[in-house]
Amino acid sequence: MTDLIRRSLFTTVLAGAVAVSGLAAAADLGTIRDNGTIRIAVANEIPYGYMDMSGEAKGAGPDVARHIAKALGIDNIKWVQTNFSSLIPGLKADRFDVAAAEMAVLPERCKSVIYSEPNTSYGEGLLVADGNPKDIHSFDAFAKKDDAKVAIMAGADQLGMLQKLGVPEDRIVTISSNADAISTVSTGRADAYAATSLTVGQLADKSGKVKSADNFQDPVIDGKPVRSWGAFAFNQDDKDLRDAFNAELAKFKKTDEWRKILSSYGFSKADIEQSMKRSTQELCSADES
């Protein structure tokens, strides 16, 4: 093989490598605007972000994201449905541009993705079998009852809450999605499903075999009642896109339309007001201990 051919092959391989590398890089705001399409992921979790039976994206995240995309001059949205645990890996791998799942802003997650300012705030709840046979009303009950098991969705932040409350790993059952929660609880594979209060309420409405735990006691960790703040998530290289989202989100949160979107999905007046109380910077720098 001649040096010329070797150099030609090397150049071809190098160009291919650069092209592949370029495909893995997050698309910037300018490219998205030029293409006229933004890719937005949902995790099929009612009421945060999901696809309805007709294939239309719904939820607090998608409805607000739809308004922001229009304000940014982006005409087309390509919706991507994935598991909650795949949202951060998907952003890092450039499989979509935005996660509109109202993912809680947590310090550990802030090391992997960047967030908009909060769009929502929400508390916790427990889905139990009808009649609540083991009389469970709090997350920390699973640290005390050695015959009780609690289910969580893979990748959800309830795992960290349960661990901080001293719940052993052998009492925690991991399921892939909210869709599995009703059967998991009603068949006794787990005695409860830990999720946000809104998710629990939506699931309870779907089946007479389960219900929201009455007199639920909010988890208290490090002396503070637990509350989450949900936001849009982006690839770490997409700061321009995140900043543009933030600018439009700040404007939209001053409107009645934004409040109507959240209230239509079950967010209370207190939830809506609480969404204004914390900044993403505060949430990302919060004590992780």
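Here, every reference points to the structure presented above.
Not measured: the values here are computed from a predicted model.

(A) Structural view of the layout of surface pockets. Each pocket or cavity is described by its volume, and for the second largest pocket that value is around 260 Å³. Lining of the second largest pocket is provided by 14 residues; of these, Asn 44, Ile 46, Asn 178, Ala 179 and Lys 206 occupy positions nearest its centre. Breaking the lining of the second largest pocket down by element, the ones donating at least two residues are β2 (50–51) and α8 (197–204). Looking at the lining of the second largest pocket, the element that brings in the most residues is α8, giving three residues. Of the residues that constitute the lining of the second largest pocket, the class distribution is seven nonpolar, five polar and two charged.

(B) Representation of the pairing of strand β11 (residues 192–196) in the model. Buried residues dominate β11, accounting for five of its five residues. Summarising the sheet, strand β8 (residues 124–129) and β11 pair through five bridges and their orientation is antiparallel. Residue Leu 126 lies in a different strand from β11, and its bridge partner there is Ala 194. Alignment of strand β9 (residues 150–153) against β11, held across two bridges, turns out to be parallel. Looking at the pairing, Ala 151 lines up with Tyr 193 of β11.

(C) Local environment of helix α3 (residues 60–71). When the terminal C-alpha atoms of α3 are compared, their 17 Å separation across twelve residues agrees well with the 16 Å that a helix rising 1.5 Å per residue should span. Listing the buried residues of α3 in full gives Ala 60, Gly 61, Pro 62, Asp 63, Val 64, Ala 65, Ile 68 and Ala 69. At the exit of α3 stands Gly 73, carrying a positive phi of roughly 80°.

The rules behind each value
- Residues numbered from 1 in each chain as written.
- Predicted model: local features only at pLDDT ≥ 70, side-chain atom pairs only at ≥ 80, totals over all residues.
- Heavy atoms only, no water.
- 1 Å grid on protein atoms, 1.4 Å probe; cavity = no way out; pocket = protein on both sides within 12 Å on 5 of 7 lines; lining within 4 Å.
- Points joined across faces, edges and corners; volume = space filled by probe spheres on them.
- Helix = DSSP H or I, 4+ residues; strand = E, 2+ residues; numbered from the N terminus.
- Nonpolar A, V, L, I, M, F, W, Y, C, P; charged D, E, K, R; others polar.
- Buried < 20%, exposed > 50% of the residue type's maximum accessible area, 1.4 Å probe, protein only.
- Pairing = 2+ DSSP bridges.
- Expected span 1.5 Å × (residues − 1).

Any link to function would need more than the numbers given here.
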